[in-house]
Amino acid sequence: MNANIYVDANNVITAIVTDPIREGLPLVDLAEIGDVKVGYDKFVDGKIVPMPKPANVQAMERIYELKAMLARTDYEAIKFAEGRLSAVEYQTLSDQRQAWRDEINELEAGLVIE
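Heads up: these notes are all about the structure in this document.

Conventions we followed
- Residues numbered from 1 in each chain as written.
- Predicted model: local features only at pLDDT ≥ 70, side-chain atom pairs only at ≥ 80, totals over all residues.
- Heavy atoms only, no water.
- Helix = DSSP H or I, 4+ residues; strand = E, 2+ residues; numbered from the N terminus.
- Buried < 20%, exposed > 50% of the residue type's maximum accessible area, 1.4 Å probe, protein only.
- Axes fitted to C-alpha atoms, helices over the stretch in contact; angles between N-to-C directions.
- Parallel < 35°, antiparallel > 145°, perpendicular 65-115°, else oblique.
- Left-handed = near helix turned anticlockwise from the far one by under 90°.
- Contact = heavy atoms within 4.5 Å.
- Nonpolar A, V, L, I, M, F, W, Y, C, P; charged D, E, K, R; others polar.
- Core = buried A, V, L, I, M, F, W, Y, C linked by side-chain atoms within 4.5 Å.

1. Some points on unusual backbone geometry
And step 1. Cis geometry is found at the peptide bond from D19 to P20, where omega equals 0 degrees.
And step 2. Assignment of secondary structure puts P20 in the loop between β2 (13-17) and β3 (27-29).
And step 3. Phi at N11 takes a positive value of approximately 70 degrees, unusual for a residue other than glycine.
And step 4. Looking at where N11 falls in the secondary structure, it is placed in the loop between β1 (2-7) and β2.
And step 5. Among the residues examined, N11 registers a relative accessible area of 32% and is labelled partly exposed.

Take a look at the structure:
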């Protein structure tokens, strides 16, 4: 499948659009480009150049991942709060959820705000 690549003045990829395909914009085959990081990778001489993610981006991605894991386990936490799950049954998950919250707090404390 082909897609247009939109870039800013620094050739940083700002968007990848599959429909509609527009003439005059860079065109790439999605099967050939792999994982593109919009907003970080560049389009240079007809090729996508992978760029390293800034540390903040990596930390934010991990924070979102951890918060998603917390959200996926909210159901069990609510069952426990409503007395539908015993403390013994919930303990392992409770410990894991706390570890996720601790990691989120640690990552957030290390974020650089510019």
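2. Considerations on the packing of helix α2 (residues 55-72) against helix α4 (residues 87-109)
And step 1. Closest axis-to-axis distance for the α2/α4 pair is 10 Å, and the angle between their directions is 155 degrees. Here α2 lies roughly antiparallel to α4, going by the angle between them. As α2 runs across α4, the sense of the crossing is left-handed. Where α2 abuts α4, its residues A59, R62, I63, L66, K67, M69 and L70 lie against R97, W100, R101, E103, I104, L107 and E108.
And step 2. Counted by class, the contact of α2 with α4 contains eight nonpolar, no polar and six charged residues.

3. Side note on the nonpolar core
And step 1. Among the nonpolar cores identified, the biggest contains six residues, and these are I63, L66, M69, L70, W100 and I104.
And step 2. Among the secondary structure elements, those contributing two or more residues to this core are α2 and α4.
And step 3. Examining the composition of this core, we find that four residues originate from one element, α2, more than from any other.
And step 4. Sequence-distant contacts of L66, defined by excluding residues within four places in its chain, comprise W100, E103, I104 and L107.
And step 5. Grouped together as the second largest cluster of nonpolar side chains are five residues, I5, I13, V28 and F43 included.

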